[in-house]
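# Reading the structure
The primary structure of each chain is shown beneath.
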Amino acid sequence: SGNVDVPRHAGIVSAFIFLLATGVYGTVVGNRTDEFLQAATSGVGFAITDVQMAGQKQTSEIEILTALGLNGRTSLVGFNTSRARDQLTALPWIKSAEITKMYPDGLAIKIEERKPFAIWQHDEELSLIEEDGTLIVPFAHQEFSSLPLLTGVGAEREARLLVPAIAAIPELKSRVKAQMLVAGRRWDIRLDNGVTVQLPAGDPAEALKGLA
């Protein structure tokens, strides 16, 4: 009959709903949901501004924040803690990490760092290694200069018996300057007076006691 009342601002509201629906559809189809959540929530009080860290010593706070991509505008709502753990454990010193969200704007990060066990010389390089032989970083930290020096192919994997056996004999430990794996099966140890001691194959504990 022609008696149609169009609500005021209906055109503007309809356009807004259409653009919003188009944006949500494009976000889902383009697999950009996380980015959408970040943008939508960071400006309303959910931006991460409080980061509490514990356990890190060799890894700086700046390295951790950079690895996580935190820039003061990152939203806690869309923050992916699983991906963040992977980003942190990709750093050389970090062995594991626990990340907890603390709403509305905080993160609690607990770090477990790798423990240097020895210095391994391979080719012309010196590296810090863990007890299982995992390489950590190139040796450039004087605070670790007192760690045992290992040489030889495979020495980083075979030292877990020798190093504790020497450490158990203080009067011998203070005189050992290097430990060399020979042919992948036995060890030579170099003493501070230049003498090289050839240990038998197998568990070196008894031979070291005799040497002491």
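Refer to the structure above for everything that follows.
The residue numbering used here restarts from 1 in each chain and proceeds along that chain's sequence as written. Reporting in this predicted model follows two pLDDT cut-offs: at least 70 for local features of residues, and 80 or more for side-chain atom pairs to be given and counted; totals over whole chains, interfaces and linings ignore these cut-offs and use all residues. Only hydrogens and water are set aside; all other atoms, that is, all heavy atoms of the structure, feed into the side-chain values.

### Concerning the overall build of the protein
- Secondary structure elements are taken from DSSP: a helix is a run of H or I of four residues or more, a strand is a run of E of two residues or more, and numbering for both begins at the N terminus. Along the protein, the regular secondary structure elements total 7 helices and 10 strands.
- Partly exposed residues are those whose accessible area sits between 20% and 50% of the maximum for their type, while under 20% is buried and over 50% is exposed, using a 1.4 Å probe and protein chains only. Within the protein, the proportion of its 212 residues that are buried is 32%.
- Under the convention used here, a 1.4 Å probe and the Shrake-Rupley method define accessible areas, while residue burial counts only the protein chains that appear. For the protein, the accessible surface area stands at approximately 13100 Å², while carbon and sulfur atoms represent 55% of it.

### Looking at the sheet that holds strand β7 (residues 149-151)
- A sheet is described by the order of its strands in space; here 7 strands give the open sequence β6-β5-β4-β7-β8-β9-β10, paired in mixed fashion. Of all the strands in the sheet, just β6 (135-138) and β10 (196-198) have a single pairing partner and so form its edges. Between one strand axis and the next, the sheet turns through 30° on average, direction left out of account. Only strands joined by at least two bridges in the DSSP assignment are considered to pair. Only the stretch in contact is used when fitting a helix axis, every axis being a line fitted to C-alpha atoms; angles between N-to-C directions are given from 0 to 180 degrees.

### Some thoughts on the sheet that holds strand β1 (residues 50-54)
- Spatial strand order, β1-β3-β2: 3 strands in an open sheet with mixed pairing. Edge positions in the sheet fall to β1 and β2 (94-102), since each has one partner strand and no second. Geometrically, the sheet is characterised by an average inter-axis angle of 20° between neighbouring strands, direction not taken into account.
- Pairing geometry for β1 and strand β3 (residues 106-113), over 5 bridges, is parallel. Bridged to Ala 54 within β3 is Lys 110.
- Contact criterion: two residues are considered in contact whenever any of their non-hydrogen atoms come within 4.5 Å of each other. Its contacts with the sheet place helix α3 (residues 61-68) against β1, β2 and β3, and it is angled at close to 125° to β1.
- Of the strands in this sheet, β2 and β3 are in contact with helix α4 (residues 81-89), which crosses β2 at around 150°.

### Quick word on helix α5 (residues 155-167)
- Given a helix with a known number of residues, its expected span is that number minus one, times 1.5 Å. Taking 1.5 Å per residue, 13 residues should reach 18 Å; α5 reaches 17 Å between its end C-alpha atoms and fits that length.
- At Leu 161, α5 shows its largest kink, close to 40°, and the proline Pro 164 lies no more than four residues downstream.
- Residues Ala 155, Glu 156, Ala 159, Leu 162, Val 163, Ala 165 and Ile 166 constitute the buried set of α5. We define the bend at each residue as the angle formed by axes fitted to the 7 residues ending at it and the 7 residues starting at it.

### As for the pattern of salt bridges
- Salt bridge criterion: a side-chain nitrogen from Lys or Arg within 4 Å of a carboxyl oxygen from Asp or Glu. A complete count under the given rule lists 6 salt bridges for this structure.
- A salt bridge links Arg 114 to Glu 130, with the nearest nitrogen and oxygen atoms 2.8 Å apart. Within this pair, whereas Arg 114 is found in the loop between β3 and β4 (118-122), its partner Glu 130 is found in the loop between β5 (125-129) and β6, the two being separated by 16 residues in sequence. Glu 130 matches Arg 114 in its accessibility class, with the two residues each being buried.
- Salt bridges here are not isolated pairs; linked through shared partners, they connect Lys 95, Arg 114 and Glu 130.

### A word on the nonpolar core
- Only buried residues count toward a nonpolar core, which is a set of Ala, Val, Leu, Ile, Met, Phe, Trp, Tyr and Cys residues joined through side-chain atoms within 4.5 Å. Among the nonpolar cores identified, the biggest contains 21 residues, and Leu 150, Leu 162, Trp 187, Ile 189, Leu 199 and Leu 208 are the most heavily contacted of them.
- Contributions of two or more residues to this core are made by β4, α5, β8 (176-182) and β9 (186-191).
- No other element matches the 6 residues that α5 contributes to this core.
- When near neighbours in sequence (up to four residues on either side) are disregarded, Leu 199 contacts Leu 162, Arg 186, Trp 187, Asp 188, Ile 189, Pro 204, Ala 207 and Leu 208.
- Among the nonpolar cores identified, the runner-up in size contains 16 residues, and Met 53, Leu 76, Leu 88 and Ile 109 belong to it.

### Topic: the environment of Gly 152
- Structurally, the position occupied by Gly 152 is in the loop between β7 and α5.
- For the pair Gly 152 and Leu 181, spaced 29 residues apart in the sequence, the C-alpha separation amounts to 5.0 Å.
- Sequence-distant contacts of Gly 152, that is, excluding residues within four places in its chain, are made with Trp 120, Gln 121 and Leu 181.

### Some points on the packing of α3 against α4
- Interhelical geometry of α3 versus α4 gives an angle of 135° and a closest axis separation of 9 Å. Judged by the angle between their axes, α3 and α4 are oblique. The interaxial crossing formed by α3 with α4 has right-handed handedness. Counting all contacts with α3, which are made through Ile 64, Ala 67 and Leu 68, the residues of α4 involved are Ala 84, Gln 87 and Leu 88.
- Throughout this entry, Asp, Glu, Lys and Arg are counted as charged residues, while Ala, Val, Leu, Ile, Met, Phe, Trp, Tyr, Cys and Pro are counted as nonpolar. The remaining residues, Gly among them, count as polar. Class assignment of the residues belonging to the contact of α3 with α4 gives a composition of 5 nonpolar, 1 polar and no charged. Working rule for angles: under 35 degrees goes down as roughly parallel, over 145 as roughly antiparallel, 65 to 115 as roughly perpendicular, anything else as oblique. Left-handed describes a crossing whose near helix is turned anticlockwise from the far helix by less than a right angle; the clockwise case is right-handed.

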